[in-house]
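The chain contents come next:
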Amino acid sequence: MPLTELEFKELQEKACKLRHDIIDTTVWAGGAHIGGGMSVLDILVILYFKYLNVDPKNPQWEDRDRVVLSKGHAGVGYAPVLAEKGYYDKELLKEFNHFKSPFGMHLDGNKVPGVDASTGSLGHGLPMALGMALGARVQKKPWFTYCIVGDGELNEGTNWEAAMAASHFKVDNLITFIDRNMQMIDGRVEDIMGIEPLADKWKAFGFIVKEVDGHDYNQLAEAIEYAHTKPGKPVIIIAKTIKGKSIDFMEDQTKWHYGSIDSELAKKAHESVNKMYGKV
Amino acid sequence: MGHEVTGTTWTVYDSDTLTQAEIYGLVLCDLGKMNPKIVGLSADLAKSTKIGKFGEMFPERFFNVGIAEQNMFGIAAGLAKSGLIPFASTMASFAAMRSCEQVRTDICYQNLNVKIIATHSGISFGAAGTTHHCTEDIAIMRSFANMTVIVPADGIETALAVKACLDINGPVYIRIGRGFEPTFYKDENYGFQIGKGVELVQGTDVTIICTGVTVLQSVEAAKFLRENDGLSVRVINIHTIKPIDKEIIMKAVTETRRIITVEEHNVDGGLGSAVADVIASSGKGCSFIKRGVPDEYAVVGYPEDLYSYYKLDSNGIIETVREVMGKDFEEDDNWEDEV
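Cut-offs applied
- Residues numbered from 1 in each chain as written.
- Chains lettered and ligands numbered in written order.
- Predicted model: local features only at pLDDT ≥ 70, side-chain atom pairs only at ≥ 80, totals over all residues.
- Helix = DSSP H or I, 4+ residues; strand = E, 2+ residues; numbered from the N terminus.
- Buried ≥ 20, exposed ≤ 12 C-beta atoms within 10 Å, placed from the backbone.
- Contact = placed C-beta atoms within 7 Å.
- Rg over C-alpha atoms; globule rule 2.2 N^0.38 Å.
- Domains from an automatic or database assignment.
- Nonpolar A, V, L, I, M, F, W, Y, C, P; charged D, E, K, R; others polar.
- Pairing = 2+ DSSP bridges.
- Axes fitted to C-alpha atoms, helices over the stretch in contact; angles between N-to-C directions.
- Arc of directions from axis to C-beta.
- Expected span 1.5 Å × (residues − 1).
- Bend = angle between axes of the 7 residues up to and from the residue.
- Parallel < 35°, antiparallel > 145°, perpendicular 65-115°, else oblique.

Caption draft 1: Expanded view of the overall build of chain A. For chain A, the helix and strand inventory stands at nine helices and five strands. Written out in order from the N terminus, the α and β elements of chain A read α-α-β-α-α-β-α-β-α-α-β-α-β-α. Dimensions of chain A, computed from C-alpha atoms along their principal axes, come out at roughly 50 × 45 × 40 Å. Buried positions account for 51% of the 280 residues belonging to chain A. Taking the contacts inside chain A whose residues are at least 6 apart along the sequence as the reference set, 76% of them involve residues at least 24 apart.

Caption draft 2: Structural view of the overall build of chain B. Looking only at helices and strands, one finds 12 helices and 12 strands in chain B. A globule of 339 residues ought to have a C-alpha radius of gyration of about 20 Å, and chain B, at 20 Å, matches this closely. Based on the C-alpha atoms only, the size of chain B along its principal axes is roughly 65 × 45 × 35 Å. Here chain B holds 339 residues, and 58% of them are scored as buried. In chain B, of all internal contacts separated by at least 6 residues, the share reaching a separation of at least 24 is 76%.

Caption draft 3: Broad picture of the domain arrangement of chain B. All names here are of chain B. Splitting chain B by domain gives domain 1 (20-175) and domain 2 (198-325). Centre-to-centre, using C-alpha coordinates, domain 1 lies 26 Å away from domain 2. The interface of domain 1 with domain 2 comprises 22 residues on the first partner and 24 residues on the second. Going through the elements one at a time, helix H6 (137-142), strand S5 (148-150) and helix H7 (155-164) are the ones with two or more residues in the side of domain 1 that touches domain 2. Its residues assigned to classes, the side of domain 1 that touches domain 2 shows 11 nonpolar, eight polar and three charged.

Caption draft 4: Representation of the sheet that holds S5(B). Residues and elements named next belong to chain B. Pairing within the open sheet is mixed, and its seven strands lie in the order S2-S1-S3-S4-S6-S5-S10. Whereas interior strands pair on both sides, the edge strands pair on one side only; in this sheet they are strand S2 (62-64) and strand S10 (240-242). Within the sheet, the average angular offset between the axes of one strand and its neighbour, ignoring direction, is 20°. Pairing geometry for S5 and S10, over two bridges, is antiparallel. If you follow Val 149 over to S10, its bridge partner there is Lys 242.

Caption draft 5: Structural detail: helix H8 (residues 217-227) of chain A. Residues and elements named next belong to chain A. Here H8 has its buried residues at Tyr 217, Leu 220, Ala 221, Ala 223, Ile 224 and Ala 227. End-on, the buried residues of H8 take up no more than an arc of 165°, which puts them together on one face. Considering only its buried residues, H8 is in contact with helix H1 (5-29), helix H2 (34-51), strand S3 (174-180), strand S4 (208-213) and strand S5 (235-240).

Caption draft 6: Main features of H2(A). Residues and elements named next belong to chain A. The end-to-end C-alpha distance of H2, which contains 18 residues, comes to 25 Å, matching closely the 26 Å that a straight helix rising 1.5 Å per residue would cover. Maximal helix bending in H2 amounts to about 40°, located at Val 40. Most of H2 is tucked away: 15 of the 18 residues are buried.

Caption draft 7: Looking closely at the interface of chain B and chain A. With 25 residues of chain B at the contact, the number on the chain A side is 23 residues. Every element with two or more residues in the side of chain B that touches chain A is listed here: helix H3 (69-81) and helix H5 (100-108) of chain B. Here the element with the most residues in the side of chain B that touches chain A is H3(B); it accounts for nine residues. The residue inventory of the side of chain B that touches chain A, partitioned by class, reads 10 nonpolar, 10 polar and five charged.

Caption draft 8: Focus on the environment of A:Glu62. Relative to the helices and strands, A:Glu62 resides in the loop between H2 and strand S1 (66-69). By C-beta crowding, A:Glu62 is classed as exposed, having 10 other C-beta atoms within 10 Å.

Caption draft 9: Representation of unusual backbone geometry. In this structure, the amide linkage connecting A:Glu196 to the following residue, A:Pro197, adopts the cis form with an omega of 0°. As for its placement among the helices and strands, A:Pro197 is situated in the loop between helix H6 (189-193) and helix H7 (198-204). In the segment running from B:Lys242 into B:Pro243, the intervening peptide bond is cis, with an omega of -5°. Tracing the backbone shows B:Pro243 in the loop between S10 and helix H9 (246-256). The backbone of B:Asn111 sits at a positive phi, close to 55°, despite the residue not being glycine.

Caption draft 10: Representation of the environment of B:Ser82 in the model. Within the fold, B:Ser82 resides in the loop between H3 and strand S3 (85-91). Taking the C-beta count within 10 Å as the criterion, B:Ser82 has 25 such neighbours and is therefore assigned buried. Each residue touching B:Ser82, except ones within four places of it in the same chain, is listed here: A:Met132, A:Gly135, A:Ala136 and A:Gln139.

Caption draft 11: Region of the structure containing the packing of helix H5 (residues 157-168) of chain A against H3(B). Contact geometry for H5(A) and H3(B): axes closest at 9 Å, N-to-C directions at 70°. When the axes of H5(A) and H3(B) are compared, the pair comes out roughly perpendicular. Judged by residue contacts, A:Thr158, A:Glu161, A:Ala162 and A:Ala165 of H5(A) engage B:Gln70, B:Asn71 and B:Gly74 from H3(B). Residue composition of the contact of H5(A) with H3(B), grouped by class: two nonpolar, four polar and one charged.

Caption draft 12: Main features of the pairing of S1(A). Residue and element names in this part refer to chain A. Taking every second residue as pointing to the same face, both faces of S1 are buried, with Arg 66 and Val 68 on one and Val 67 and Leu 69 on the other. As paired strands, S1 and strand S2 (residues 145-150) are joined by four bridges and run parallel to one another. Counterpart to Val 67 in the pairing with S2 is Tyr 146.

Caption draft 13: Broad picture of the sheet that holds S1(A). Residues and elements named next belong to chain A. One open sheet holds the five strands; their spatial order is S1-S2-S3-S5-S4, and the pairing between them is parallel. Edge positions in the sheet fall to S1 and S4, since each of these pairs with one other strand and no more. Averaged over all pairs of adjacent strands, the angle between strand axes in this sheet comes to 20°, irrespective of strand direction. Helix-sheet contacts for H2 involve S1, S2, S3 and S5, and the interaxial angle to S3 is about 150°. Where helix H4 (residues 125-138) meets the sheet, its contacts fall on S1, S2 and S3, and the angle it forms with S2 comes to roughly 170°.

Here it is in structure tokens:
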């Protein structure tokens with residue numbers, strides 16, 4: 001077990017708090033990509049509260065680890081994480097989507113401290129993350145680049161161009177996660193444009209593939225620590241997740257890719273989160 | 001052929017026998033020696049875009065991503081984010097169209113320090129046909145916020161532009177030809193400055209505003225018209241389409257009242273349209289004709305034949321100047337339809 005019981009508990013606490021923040025932010029924003037925000041959250045939590053070498057007081061620190069949330073629409077999940085980490089005041093999230101706010105649906109790296117790439121258009125993150133990883137190599141720097149892609153997003157060909165190149169250039173300072181929540185906008189991924197056999201594809205592209213439960217910190221930790229050994233090939237972590245995780249009426253529901261919640265639904269959502277974390 | 005560089009002058013390069021792209025490749029090597037942050041990228045065109053020279057000299061700072069232009073520009077964005085200065089080179093059609101979104105969303109939106117050197121622009125790759133032509137790139141690139149768009153007239157201007165673009169901390173798009181374009185400038189001491197047009201020939205009757213390969217043709221046309229038609233023709237090289245030198249354009253409007261524009265680009269959306277924007281917004285009138293590749297896909301042929309066919313060579317420019325000389329400043333005699 002790479003995590004101590006205490007570490008595990010602390011991550012749980014963080015995640016619980018952040019899930020409440022995501023619900024609140026969705027209300028303040030008037031609507032958000034809450035399904036995907038909830039599915040990716042545990043990956044963000046373990047990165048930001050266990051492994052990332054970053055300094056929230058110095059977001060441009062040259063030697064920081066980089067994070068590219070390629071599925072940029074999960075901004076509603078990412079923004080509270082960065083606030084919690086100390087990049088800015090959580091109060092600012094009340095302005096999410098409001099006129100001239102630095103926070104919009106897809107976080108702008110030039111406006112939100114801590115965001116390393118302005119993503120949103122799917123398929124752009126992995127090539128950029130690869131560029132960052134190559135940049136570290138050229139400058140002989142030890143920092144890692146972490147990239148999180150969605151599964152529907154993998155329909156985009158540019159991901160595979162980047163995969164081909166990452167393998168060809170033997171890039172092992174790039175660690176990629178797939179938020180495999182099985183859903184996209186128009187339906188289940190396997191119904192709209194299937195990507196299975198997914199692990200086989202990445203192996204064929206020259207990656208070492210780790211398949212984990214994307215909500216299990218121990219499994220995530222083990223995969224990340226393996227990737228840190230820099231095995232000479234790029235590593236991809238296929239994280240099996242549930243869209244809308246923690247909100248019972250949203251879990252695995254296609255329609256909650258994006259949604260608005262009124263105070264009544266918000267109340268139910270908060271209760272569901274508390275239930276998941278045993279805080280009834 | 002030894003190429004010594006004294007200081008930062010490039011006239012020692014044998015610019016009469018080196019193509020625009022070859023000069024670019026050598027210049028990049030020199031810059032690479034001086035600045036360790038410069039990295040190069042190619043999409044399987046290292047040889048024809050000549051960035052391969054940089055790649056040979058600095059293999060650890062050069063990435064050939066194969067035939068994957070979108071990936072190349074995404075990687076360029078990531079390299080820039082890591083603190084490096086990427087020069088990414090491919091053919092104009094692929095830079096401006098295949099990777100259009102990466103250029104706009106990854107590079108321009110994030111305002112990254114990426115330099116795009118696009119070769120084989122316009123119809124310079126004549127025989128290759130429309131799939132390898134690009135008469136739309138100036139229109140596309142000037143529509144992106146944060147982008148600087150430069151169209152050098154020859155190898156010397158290319159060298160100057162490549163050096164100068166490092167002074168801009170942001171995206172720059174430089175479009176050059178396939179190669180074998182003749183040299184125009186005698187040396188690089190004419191005061192090249194990004195954003196500043198160059199008055200090459202003084203004149204008072206009419207102005208030719210030109211860019212790229214049409215610069216040499218325009219100067220030849222002006223000489224012919226002075227000697228044969230007794231016309232005083234001003235010639236201005238607008239190498240920077242964005243940000244455009246409004247002052248030099250308006251000076252030509254008020255001092256000559258007749259303007260023609262010439263470019264190796266679709267007649268709509270490029271230099272001519274950019275100049276028209278300036279003139280129309282100014283409230284001053286003048287006679288005006290745009291010359292470019294017409295709004296159609298070019299026929300196949302060697303570039304010299306195409307330039308002649310589309311009236312982008314000195315003969316075509318002479319014809320166009322004579323046409324604009326025959327026009328009134330305000331064409332329309334009907335006063336009833338105006339308020």
